[in-house]
Amino acid sequence: MNILLRELKANRRSLIIWGGALALINFFMMALYPTFAEDAARLEELLSLYPEGFMKVFGLDRLSMGEAIGFYAMEAYFMVVLFGSMFAVILSSGMLAKEEDEKTIEFLLAKPVTRTQIVTNKLLSFIVYLLIFNVGISIVTFIAFEIFAESYSRMELLRLLIAPFWAHLAFASLGFLLSLFFTRKKSTYSIGIGLVLLVYFFNAMATLTEKVQFLRYFSPFYYMDAADIIQDGGINPLHTLILLAVSALAVGATYFLYNRRDITI
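Residues numbered from 1 in each chain as written. Predicted model: local features only at pLDDT ≥ 70, side-chain atom pairs only at ≥ 80, totals over all residues. Heavy atoms only, no water.

Draft legend 1. Up close: the overall build of the protein. Broken down by element type, the protein carries 12 helices and zero strands. Along the chain direction, N to C, the helices and strands of the protein fall in the order α-α-α-α-α-α-α-α-α-α-α-α. By residue count, 44% of the 265 residues in the protein fall in the buried class. Counting only contacts in the protein whose residues sit at least 6 apart along the sequence, the fraction spanning at least 24 positions is 77%. (Helix = DSSP H or I, 4+ residues; strand = E, 2+ residues; numbered from the N terminus. Buried < 20%, exposed > 50% of the residue type's maximum accessible area, 1.4 Å probe, protein only. Contact = heavy atoms within 4.5 Å.)

Draft legend 2. How the structure looks around the packing of helix H8 (residues 154–178) against helix H12 (residues 237–258). Where H8 meets H12, the closest approach of the two axes is 8 Å, and the angle between their N-to-C directions is 20 degrees. Between H8 and H12, the interaxial angle falls into the category roughly parallel. Seen along the crossing, H8 lies across H12 with a hand that is left-handed. For the pair H8 and H12, the contacting residues are Trp166, Ala167, Leu169, Ala170, Ser173, Leu174, Phe176 and Leu177 in the first and Thr240, Leu243, Leu244, Val246, Ser247, Ala250, Val251, Ala253, Thr254 and Leu257 in the second. (Axes fitted to C-alpha atoms, helices over the stretch in contact; angles between N-to-C directions. Parallel < 35°, antiparallel > 145°, perpendicular 65-115°, else oblique. Left-handed = near helix turned anticlockwise from the far one by under 90°.)

Draft legend 3. Summary view of empty space enclosed by the protein. In this structure the tally under the stated criterion is one cavity of 30 Å³ or more. Quantified by volume, the largest cavity comes out at close to 40 Å³. If you trace the largest cavity, you find it lined by Tyr72, Val80, Asn134, Ile137, Ser138, Leu160, Leu161 and Pro164. Sorting the residues of the lining of the largest cavity by element identifies helix H5 (68–101), helix H7 (115–148) and H8 as the ones contributing at least two each. Here the lining of the largest cavity is composed, by residue class, of six nonpolar, two polar and no charged. (1 Å grid on protein atoms, 1.4 Å probe; cavity = no way out; pocket = protein on both sides within 12 Å on 5 of 7 lines; lining within 4 Å. Points joined across faces, edges and corners; volume = space filled by probe spheres on them. Nonpolar A, V, L, I, M, F, W, Y, C, P; charged D, E, K, R; others polar.)

Draft legend 4. Main features of the environment of Asn2. Tracing the backbone shows Asn2 in the segment before helix H1 (3–10). The partly exposed category is assigned to Asn2, whose relative accessible area is 42%.

Draft legend 5. The arrangement of the layout of surface pockets in detail. Roughly 210 Å³ of volume is contained in the second largest pocket. Lining the second largest pocket are 11 residues, and of these Ala10, Asn11, Lys98, Lys185 and Tyr189 sit closest to its centre. Counting residues per element, the ones that place at least two in the lining of the second largest pocket are H5 and helix H9 (185–208). Per-element tally for the lining of the second largest pocket: the top contributor is H5, with five residues. For the lining of the second largest pocket, the class distribution of residues is five nonpolar, three polar and three charged.

Draft legend 6. Structural view of the nonpolar core. Ranked by size, the top nonpolar core spans 66 residues in total, and within it Tyr72, Tyr77, Phe126, Leu130, Phe145 and Leu160 carry the most contacts. At the level of elements, helix H2 (12–38), H5, H7, H8, H9, helix H10 (220–223), helix H11 (226–232) and H12 are the ones that each hand at least two residues to this core. Of the residues forming this core, the biggest block, 18 residues, is contributed by H5. The contact partners of Leu130, leaving out residues within four places of it in the chain, are Phe87, Ala88, Phe165, His168, Leu169 and Ala172. (Core = buried A, V, L, I, M, F, W, Y, C linked by side-chain atoms within 4.5 Å.)

Draft legend 7. A look at H2. The terminal C-alpha atoms of H2 lie 40 Å apart, and with 27 residues this matches the ideal 39 Å at 1.5 Å per residue to within 8%. Leu32 marks the point of greatest bend in H2, at about 30 degrees, and the proline Pro34 comes within the next four residues. All buried positions along H2 are accounted for by Leu15, Gly19, Leu22, Ala23, Asn26, Met30 and Tyr33. (Expected span 1.5 Å × (residues − 1). Bend = angle between axes of the 7 residues up to and from the residue.)

Draft legend 8. A nonpolar patch on the surface, seen in detail. Together, Val135, Ile139, Phe142, Ile143 and Ile147 make up an exposed nonpolar region whose accessible area comes to about 440 Å². With respect to the helices, strands and loops of the structure, Ile139 is situated in helix H7. (Patch = residues over 30% accessible without salt bridge, like charges linked within 9 Å, V, L, I, M, F, W, Y side chains within 5 Å. Areas by Shrake-Rupley, 256 points an atom, 1.4 Å probe, with all protein chains shown as cover. Salt bridge = Lys/Arg side-chain N within 4 Å of Asp/Glu carboxyl O.)

Draft legend 9. Geometry of the packing of aromatic side chains. Enumeration over the complete set of coordinates arrives at 13 aromatic pairs. Measuring from centroid to centroid gives 4.7 Å for Phe87 and Phe133, while their planes differ by 20 degrees, and the two rings are stacked. Of this pair, Phe87 sits in helix H5 while Phe133 sits in helix H7; the two residues are 46 residues apart in sequence, bridging distant segments of the chain. For the pair Phe87 and Phe133, one class covers both residues: buried. Counting every residue linked through ring pairs, the aromatic cluster contains Trp18, Phe87 and Phe133. In this structure, Arg115 is placed above the aromatic ring of Tyr258, and the distance from its NZ or CZ to the ring centre is 6.0 Å. (Phe/Tyr/Trp six-rings, centres within 6.5 Å; stacked < 30°, edge-to-face > 60°. Lys NZ or Arg CZ within 6 Å of the ring centre and 35° of its normal.)

Dropping the structure here:
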């Protein structure tokens, strides 16, 4: 029984919906860019009237919407990271929980496969999906830049297209681990989405006030911040390693706990 292929087939509809929606949003956002760029000075003047906290949360204090990369970073990038993370956690958190929720775990365990093989195949399936998800959005976004942006750095764009994957992987791994504690898919989905929104709130609050700056270190959004990537001229290697470490720890814990848990049949 090929668990990997089964998972890939089972989740393709959600991939098309989530990936297609975000790709179209990126395309239409960039289609609006020439209009904004025509009157960049007036736009910057208008943005200066916004509260300082609002400016900081969205990176408006460090980027210019008159530039294609800055416009994308503020208008589209955060949606790819935020909603892509929701997709990632929904995808991964349901993979183990659904077997007990749909009463298919007895059939699965009756096959000549180990629990480790089950976890490995499901892990590979959400990694493959996240790669397809990010590559698909990246291709559409690159085409939009080529059509609507007269001048931009392809290297800067490449960094912004690669960065969300690491945040998505971290959330997917955490969702994978969380699914061990619930036997209902709806419960894992709710908890997973709640986790994404909570850590996004952490990052926003840490940006607004120095008193809770420590909260940003608990948020994957902080480690792949668009303004930081553009200003630093690259993705911070340490930030990437931290997200990879979080992913590895979550996946490792999933293997350990799944092999020792009592399966509800």
